[in-house]
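Coordinate analysis (summary)
Each chain, written out:
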Amino acid sequence: MSDRYLSLVNSSVGSAVASRVGLPQPSVLRRFRSGDPLLPGAVLLGSTAGRPAAALKKLITQAGVEVVDDIDKVFDGEKVAAVVLDARSVAAPADLAALRAFLAPGVKALGPSGRVIVLGLPADGADIAVDATRQALDGIVRSLAKELRRGATANLLWVADEASLASALRFLLSGRSAYVDGQPLLLGPGTAPAPDDWDQPLAGKTALVTGAARGIGAAIAGVLARDGANVVVADLTQAGEALAKVANQVGGTALHLDVAAADAPQRLLEHLHSHTDGLDILVHNAGITRDKLMANMKPEQWDSVIAVNLQSQLSVNAALLDSDQLNDGSRVVCLSSTTGFSGNRGQTNYGATKAGVIGLVRSSAASFAAHGASTINAVAPGFIDTEMTAKMPLATREVARRLSSLQQAGLPVDVAEAVSWLSSPGAGGVNGQVLRVCGQNLVGA
Ligand SMILES: NC(=O)c1ccc[n+]([C@@H]2O[C@H](COP(=O)([O-])OP(=O)(O)OC[C@H]3O[C@@H](n4cnc5c(N)ncnc54)[C@H](O)[C@@H]3O)[C@@H](O)[C@H]2O)c1
């Protein structure tokens, strides 16, 4: 479902009209394209502690990106593609002035689809003033993300451990994170090896994606394959033809599997046993909606959504952890939704499952870490243009598209990019987390 309004306001006439009458002016976002540089310009790097740490500068230059660490150099009107501020030193409210001093000129120098990334330390309960100051970074970044325009984003990394910092910075600077905006993400300890080739971080890995015949699942299969994985695509038997087409496109194999069937875990294990050397990446993407107000909700509408969206994930994870089919260092990514945070009218059943998935990943993180340093995380998409959202009435869909800081819907590929990053070896320090891919959805949390 193409976004005609987005195309219109990016034409010269449309842009002039929108600007005159004060209509939203979403920009065409910079997305990953093979062969493009990670970032189309330099990073302005700063630190609240004075000079930025040499190690941080090295991480960015190793990604092939030029670093400018003297803010005076950008005052002569030159644009930068990103602003990275290491704010790990802040310890008292007065220290926050250093963020203003750096970010005020920094965001003025930011080019289109620019990136602001702030590094902080998570609160640790040791000192109230320190924790309050650290938490303040969250409010600064979320507010700044709402101010940025022209496709620029701002995100916050809570760096409890640097194991995944290189990989997280590359993801957030690149076009892969086009629709990730206004989000905090915790980087913890973990095994997070750098790939031999950053363009093929999933080389040699076996992945399985459920609900992969169309929409977000098909996009995930495509991006995992692009990033080097061998992909098994699974979906309902009735989706057979579409599924075969996706399997063909990604050079993978197809598995007919109803994830809600009682024998689904067993069938999945048998398939892995006979066709693979064990599973490295599992994406629980299959999901359905059966929207009704609670007052009118039928038992079958309730039960089917719980079974497909939540119980299936619990059953398959338990079976995998109990089997010899889940390789060490594996990655599980579960599809949640921003509805899991904010709720949505007519979606008590769906909201239950998407909040349930958040509980599932938080509570499973330790079990997966104990399984050869594996991880489990969730991705929570906001409004994404797919057949699921195409069912919405036109006016509701058009309004929903504009209700994010980026003033547009995300694309399936935006969710897929986040899934692929969380599935990569370098993201080993991210565990039990929920990453929203919602363009900083303005509705709900
Ligand atoms: N589209 C959005 O805006 C959005 C927002 C937030 C979250 N999500 C979540 O992302 C995931 C994918 O959404 P989508 O928009 O691509 O949906 P979609 O309806 O386009 O595709 C879902 C796929 O899952 C398959 N499926 C359904 N039940 C199944 C079952 N029992 N076993 C195996 N496969 C099954 C369907 O056949 C279909 O191919 C879902 O979990 C959804 O809740 C979507």
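Every value quoted in this text rests on a predicted model; they were computed, and no experiment measured them. (Residues numbered from 1 in each chain as written. Predicted model: local features only at pLDDT ≥ 70, side-chain atom pairs only at ≥ 80, totals over all residues. Heavy atoms only, no water.)

**Examining the domain arrangement of the protein chain**
Assigned domains within the protein chain: domain 1 (1-26), domain 2 (39-187) and domain 3 (206-437). Distance between the C-alpha centres of domain 1 and domain 2: 30 Å. (Domains from an automatic or database assignment.)

**Details of the pairing of strand β12 (residues 375-381)**
Burial of β12 is extensive: seven of the seven residues sit out of reach of the surface. Across the two faces of β12 the burial is the same, with Thr 375, Asn 377, Val 379 and Pro 381 and Ile 376, Ala 378 and Ala 380 all buried. Sheet analysis places strand β11 (residues 326-335) next to β12, joined by five bridges and oriented parallel. What sits directly across from Arg 331, in β12, is Thr 375. (Buried < 20%, exposed > 50% of the residue type's maximum accessible area, 1.4 Å probe, protein only. Helix = DSSP H or I, 4+ residues; strand = E, 2+ residues; numbered from the N terminus. Pairing = 2+ DSSP bridges.)

**Description of the nonpolar core**
Of all hydrophobic cores here, the largest spans 64 residues; its most connected members are Val 43, Leu 157, Ile 220, Leu 224 and Trp 421. Counting residues per element, this core draws most heavily on helix α7 (residues 215-226), at seven residues. When residues of this core are sorted by domain, at least three fall in each of domain 2 (39-187) and domain 3 (206-437). Leave out the neighbours within four places in its chain, and Leu 224 touches Leu 202, Ala 207, Val 209, Ala 229, Val 231, Ile 281, Val 283, Ser 420 and Ser 423. If you look at the next biggest cluster of nonpolar residues, it comprises 33 residues, including Leu 282, Leu 310, Val 361 and Val 434. (Core = buried A, V, L, I, M, F, W, Y, C linked by side-chain atoms within 4.5 Å. Contact = heavy atoms within 4.5 Å.)

**Regarding the sheet that holds strand β5 (residues 153-159)**
Taken together, six strands build an open sheet; the order of strands is β2-β1-β3-β4-β5-β6 and the sheet is parallel. Each of the sheet's edge strands pairs with one partner strand only, and the pair in question is β2 (67-68) and β6 (184-187). In terms of strand pairing, strand β3 (residues 80-86) meets strand β4 (residues 110-120) through six bridges, oriented parallel. Each bridged residue has a counterpart across the sheet, and for Ala 82 the counterpart in β4 is Arg 115. Sheet contacts for helix α3 (residues 54-62): β1 (43-47), β2, β3 and β4; angle to β1, the most-contacted strand, approximately 165°. (Axes fitted to C-alpha atoms, helices over the stretch in contact; angles between N-to-C directions.)

**Things to note about the site of the ligand**
In the vicinity of the ligand lie 27 residues, with Arg 214, Asp 235, Asn 285, Tyr 350 and Thr 386 positioned nearest. Contact between the ligand and Asp 235: an oxygen atom at 2.7 Å from a side-chain N or O atom of the residue. In this structure, an oxygen atom belonging to the ligand sits 2.5 Å away from a side-chain N or O atom of Tyr 350. Protein contact buries 93% of the 840 Å² of open area that the ligand shows by itself. Among the residues forming the shell around the ligand, the class breakdown is 14 nonpolar, nine polar and four charged. (Near = heavy atom within 4 Å. Polar contact = N/O pair within 3.5 Å; in protein donor to acceptor, adjacent residues only side chain to side chain. Areas by Shrake-Rupley, 256 points an atom, 1.4 Å probe, with all protein chains shown as cover. Nonpolar A, V, L, I, M, F, W, Y, C, P; charged D, E, K, R; others polar.)

**Overview of the state of the cysteines**
Enumeration according to the criterion identifies zero disulfides in this entry. Lacking any disulfide linkage, Cys 334 is separated from the closest cysteine sulfur, that of Cys 438, by 18 Å. Exposure remark for Cys 334: the relative accessible area of 0% places this residue in the buried category. (Disulfide = S-S within 2.5 Å.)

**Focus: the packing of aromatic side chains**
If you walk through the whole model with that rule in mind, you get one aromatic pair. Between the aromatic rings of Phe 171 and Trp 421, the centroid separation amounts to 4.8 Å while the plane-to-plane angle is 5°, which identifies the pairing as stacked. Pair noted here: Phe 171 is in helix α6 (residues 165-173) and Trp 421 is in helix α15 (residues 412-422), with a separation of 250 residues, a long-range link. Above the ring of Trp 198, the side-chain terminus of Arg 170 is found at 3.9 Å from the ring centroid. (Phe/Tyr/Trp six-rings, centres within 6.5 Å; stacked < 30°, edge-to-face > 60°. Lys NZ or Arg CZ within 6 Å of the ring centre and 35° of its normal.)

**With respect to helix α12 (residues 348-370)**
Over its 23 residues, α12 runs 34 Å from end to end, which matches the ideal 33 Å to within 8%, given 1.5 Å per residue. Largest kink in α12: about 45°, centred on Ser 364. Of all the residues in α12, the buried ones are Asn 349, Tyr 350, Gly 351, Thr 353, Lys 354, Val 357, Ile 358, Leu 360, Val 361, Ser 364, Ala 365 and Phe 368. Those residues of α12 that are buried lie in contact with α10 (299-321), β11, α11 (339-342), β12, α13 (387-390) and β13 (434-437). A positive backbone phi angle near 60° is found at Gly 372, which sits one or two residues after α12. (Expected span 1.5 Å × (residues − 1). Bend = angle between axes of the 7 residues up to and from the residue.)

**Describing the environment of Glu 387**
Note that Glu 387 resides in helix α13. Using a relative accessible area of 48% as the deciding quantity, one classes Glu 387 as partly exposed. Along the sequence, Glu 387 and Arg 214 sit 173 residues apart, while their C-alpha atoms lie 8.4 Å from each other. Separated by 3.1 Å, the side chains of Glu 387 and Arg 214 make a polar contact.

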